[in-house]
Each structure stands twice: as C-alpha cells, then as structure tokens.
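What follows is each chain in one-letter form.
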Amino acid sequence: MSVSTVAAAPSVCAPLPVLGRDVTVPLVTGGEVTYAALDYAASAPALQRVWDDVAAYAPYYGSVHRGAGYLSQLSTDLFENARRTVAEFLDCREGDQVVFTRSTTDSLNLLAAALPADCRVFVFETEHHASLLPWRGAQVTYLDAPRSPREAVETLERALADRTASIEGGHGPALVCVTGASNVTGELWPVRELTAAAHAHGARIVLDAAQLAPHHQVSVADLDVDWVAFSGHKLYAPFGSGVLAGRADWLRAAEPYLAGGGASRKVGRREDGGVDVEWHDSAARHEAGSPNVIGAYALASACKALTEAGFDTLVAREQYLVRKVRDGLADVPEVRFLSLFGDEAPRVGVLSFVVEGWNSSHFAAALSAEYGIGVRDGLFCAHPLLRTLLGTDPQAQGECGAPEAAPGEKSLNAIRVSFGAGTPDEHVERFVRAVKELVADGAKWNYRTEDGRCVPDTSA
C-alpha cells in the first residue's frame, strides 16, 4: 500500500486531545517548531480530559480511608470508584482484586514478593526489564527469544513439560510472565495461546500489559490470564500510578508488600512486648500508607476516555500511522526495522530501527535538535532482546556513542519511534521527512557526547 493511498483513508479519526500538543521547542539551526512527541512507549502525554478531571477534583482533595470529614469521604469514594472503573476496563472476573501500585515495575515486584516459596517462574528473554528482573529470588527459567508466535507457544510448552517431568520441580506452583506487546518491536504476542499452554501444565500467567493496554482492549476474562499489570503514565494518565489486577489467593496469603497503616486491620501489643498484626484480605493489604488518590483517579479517567473513544477506532488510526511510517521509509534501504516475528506481524504503534552508517544516539539527537522530534535511542530497558535483534557485530561508531557501553557494544543501540491516540498526522509525516533528509544529506550540526548523551556541540 502506498503512502498516498494510506493518506486518503476515509475512516481514520482525529487524534484525542493531549497536553503539550502546542508546545514549541527551539531548533539548534535557528527558530522554533511545534514539538513532535514520538516517544509514547516511554510515557504518553496526558489526555486533556484526564487533566481537566484532575483539576476539577483537586480542590476537594482529602485523606483517603482516614477521615470522617466530607472531603475525606468524597476522596475515599472517588478512590474506590476508580478501582471499580479499572476492574471494568480490564473486564475482571468476580473475585479478582485490583491493587493500585506505582507502575508496572512496582506491580510485578509486588507479585514476585507474593509468590509461594517453591514457585518456579518462566520468562522469555525478550521481556522488558520490569518483567524480566523481579523474579530473581525465585527459581527462574529464562526462555530464548522466539522467531514466531507459534515458536513462542511451543517453547513455553516444552519448558513447562520439562518442569512437569522433573522430580524436583514438577509438583510445586509455577508462574509464566509474558508481555502483551513488545516495547521494542511493538509486536503483539499470542497471549491467549500462551495462557492456554500455561494452564494446561498447571501454571499461572501474568500479563505485562504496559504497552498493550494503551492500544488494545485487554479483557482478563477473555484472555484468561491470572494477573495483568500496567502503568498509568503509558495510558495517558500522569502522577505515577499503576495496577496489578487478578486472582486474590496468592496476594491474600503473602505478607504485605509494604507494612504500615492501611494494610493492617488490627494491631495489638503482646505480653512478651511484641506486636500482633491482623492484615487485611482485600487489596488494602498491599496498599499501605496514604494512597495516590490523584494518580488512581487520573488512571480511571484515562480508562473511561479510551473506552468511550472505542478501541476499534483507536486501533484503526494507529495502524494508519504505522503504515505511514513503514511505507514512507520503504524506499530508504539504509533504514532497517527490527522484528522478531517478521515485518507483517501485528503490532501496536511502536517501531524500532537502525540506520546504516549512523550511531543511533547521534541520529536521535539530530532528530531532536534539528527537527523538534522526540524519539528514544538505546536498548530500551530490554537489553537481551536488543542484543538478539542487533547481533553481536556492532555498526561503525558515529560521532556520538555510548561511552559506558562494553567494548564491542558502543554502537549496539537502536532508535524507537512510538505514537498513539494523541499523535497528529503532521508529527509522523515530519518524522518520515526528517529521516529521509538525514540519510540523504547528513546532519546540519556537529554533535558530541556529554554525560553519556549525544548533544549538539555549541562550543564553536
């Protein structure tokens, strides 16, 4: 499909209003330009509606679960209604718990702390560090990167079958951790099939939906996953909120993630001088301290906004933008997109690539300084996956590199462009033009490495 054909698509909706859409930034070559935020996979801009909802509530802010006053009661109701909104957004089952956390990373560390003592964990090396690293205190099996969705399922089935056959490890609980959409390639993973494989072998599964939930509807009931984790800041909601939602039994059996007020139902002194504690069985067990009520409310507001906009509509627009990028750069042989499952694999609005003859940090710096385009460069907190995708032979070093990298890996990085519900056509079109100009003509400015980052050299 050509770019002109895509641009004429009649069914594509307008982007949702987000904060920062009119912000201008200076260019190193002179003048200013409207900033093109194309790093949604790291943190998406807040929806205007979310910001307006939070601003309307802010004067009524009060302590949660702590006070008898009107504002405290209102804030408590708002906080618990936010929990119900998130449960509806995720299509949770009856009996599932929704625990508010700080982020996806926090959610998965919470679950890791709640694992039964003899639990074995299975995780692909392709995971973001947030879902790759929390399990190190358990017995972990790291699975090699698959090259197709089918291979992913088969790899997991073999690993779980080996566990079942093992005398030492076959009889205890097991957990599989898998992403819904890669933060590097944007590719959708076969969650439903992986869940079926896990359950067939007596294992549970947690879905890292940090990159999936902002782009596709996530139904806990339909996917049949045991838990799902995601972050507010990737879902167009600021203020450091996250969610762990799913089965309650392991969470109820575990010691509180944080010990303190709110997690305890009853505390008393013993005759021997110690303290007896009775912990809550509800989500409060793992929400000690004063909760982030504004963060929870912002996250719930974003859930409502995306649901009302309609994920079918949002997906259609996002795929339109993906095609704009891929078709627009199809005639630039120096650009190589990174993929595990192939170029035609279904994906969200996340694309990573390398440019022949360029260090990726240098290229990203030029996009920012000369075109006002914000992308991400590096290894994207998914080092094993990037090393698999890029191979062991580094590209030729450009002017800017990564001085802290290991020898032989100074150019082992990539560029990631990502977008979503708030991205206007012009930002993607400017990005495509900028990539073509940089490849054809080179950078207009000199760059140097400063504190590990590639920046314009203004010393001359």
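Residues numbered from 1 in each chain as written. Predicted model: local features only at pLDDT ≥ 70, side-chain atom pairs only at ≥ 80, totals over all residues. Heavy atoms only, no water.

**Quick notes on the overall build of the chain**
Helix and strand counts for the chain stand at 14 helices and 19 strands. Taken along the three principal axes of its C-alpha coordinates, the chain extends 80 × 60 × 50 Å. In the chain, which comprises 460 residues, the proportion classed as buried is 53%. Accessible area of the chain: about 19600 Å², with a carbon and sulfur share of 51%. (Helix = DSSP H or I, 4+ residues; strand = E, 2+ residues; numbered from the N terminus. Buried < 20%, exposed > 50% of the residue type's maximum accessible area, 1.4 Å probe, protein only. Areas by Shrake-Rupley, 256 points an atom, 1.4 Å probe, with all protein chains shown as cover.)

**Side note on the packing of aromatic side chains**
What characterises a pair of aromatic rings is the spacing of the ring centres plus the angle enclosed by the ring planes. Enumeration according to the criterion identifies 13 aromatic pairs in this entry. Taken together, the aromatic side chains of F337, F353, W358, F363 and F431 make up a single cluster linked through ring pairs. Across from the ring centre of F337, 4.8 Å away, lies the NZ or CZ of R326, which sits over that ring. One Lys or Arg, R416, reaches over the ring of F380 and ends 5.0 Å from the middle of that ring. (Phe/Tyr/Trp six-rings, centres within 6.5 Å; stacked < 30°, edge-to-face > 60°. Lys NZ or Arg CZ within 6 Å of the ring centre and 35° of its normal.)

**Re the layout of surface pockets**
Of the pockets and cavities examined, the largest pocket occupies roughly 370 Å³. In this structure, the largest pocket is lined by 26 residues; those nearest its centre are A41, H128, N183, K234 and C381. When residues of the lining of the largest pocket are traced back to their parent elements, those giving at least two are α4 (104-113) and β16 (376-378). It is β16 that provides the largest number of residues to the lining of the largest pocket, a total of three residues. Across the lining of the largest pocket, the residue classes break down as eight nonpolar, twelve polar and six charged. (1 Å grid on protein atoms, 1.4 Å probe; cavity = no way out; pocket = protein on both sides within 12 Å on 5 of 7 lines; lining within 4 Å. Points joined across faces, edges and corners; volume = space filled by probe spheres on them. Nonpolar A, V, L, I, M, F, W, Y, C, P; charged D, E, K, R; others polar.)

**Considering the pattern of salt bridges**
Between side chains of opposite charge, pairing is possible as soon as their charged atoms come close. Evaluated as defined, the whole model comprises 27 salt bridges. Here D249 ties to R204 by a salt bridge, and the two come within 2.6 Å at their closest N and O atoms. In this pair, D249 is assigned in helix α9 (residues 249-253) and R204 in strand β8 (residues 204-208), connecting sequence segments 45 residues apart. One salt bridge in this structure joins R448 and E450, with 2.7 Å as the shortest N-O distance. (Salt bridge = Lys/Arg side-chain N within 4 Å of Asp/Glu carboxyl O.)

**Digging into the sheet that holds strand β6 (residues 139-143)**
Strand order in the open sheet made by the seven strands is β4-β10-β9-β8-β7-β5-β6, with mixed pairing throughout. Edge positions in the open sheet fall to β4 (97-101) and β6, since each of these has one partner strand only. Averaged over all pairs of adjacent strands, the angle between their axes in this sheet comes to 20°, without regard to strand direction. With four bridges joining them, strand β5 (residues 120-124) and strand β7 (residues 174-179) adopt parallel strand pairing. The residue of β7 that forms the bridge with V121 is L175. Seen against the sheet, helix α3 (residues 70-89) touches β4, β9 (227-231) and β10 (242-246) and runs at an angle of roughly 115° to β4. In the packing of helix α7 (residues 191-200) onto the sheet, the strands contacted are β5, β7 and β8, and the crossing angle to β8 comes to about 155°. (Pairing = 2+ DSSP bridges. Axes fitted to C-alpha atoms, helices over the stretch in contact; angles between N-to-C directions. Contact = heavy atoms within 4.5 Å.)

**Comments concerning the side chain of D226**
Relative to the assigned elements, D226 resides in the loop between α8 (220-223) and β9. Accessibility expressed as a relative area gives 3% for D226, which makes it buried. In contact with D226, other than residues within four places in its own chain, are R93, H199, R204, I205, A245, G246 and R247.

**Brief notes about the sheet that holds β16**
In space, the four strands of this open sheet follow the order β13-β14-β17-β16, with antiparallel pairing throughout. At either margin of the open sheet sits one strand with a lone partner, and together these are β13 (335-337) and β16. Neighbouring strand axes in the sheet, compared pairwise and without regard to direction, differ in orientation by 30° on average. The sheet contact formed by strand β14 (residues 350-355) and strand β17 (residues 414-418) spans four bridges and is antiparallel. From the neighbouring strand, S352 faces β17, where its bridge partner is R416. Relative to β14, helix α12 (residues 360-371) is tilted by about 115°, and along the sheet it contacts β14, β16 and β17.

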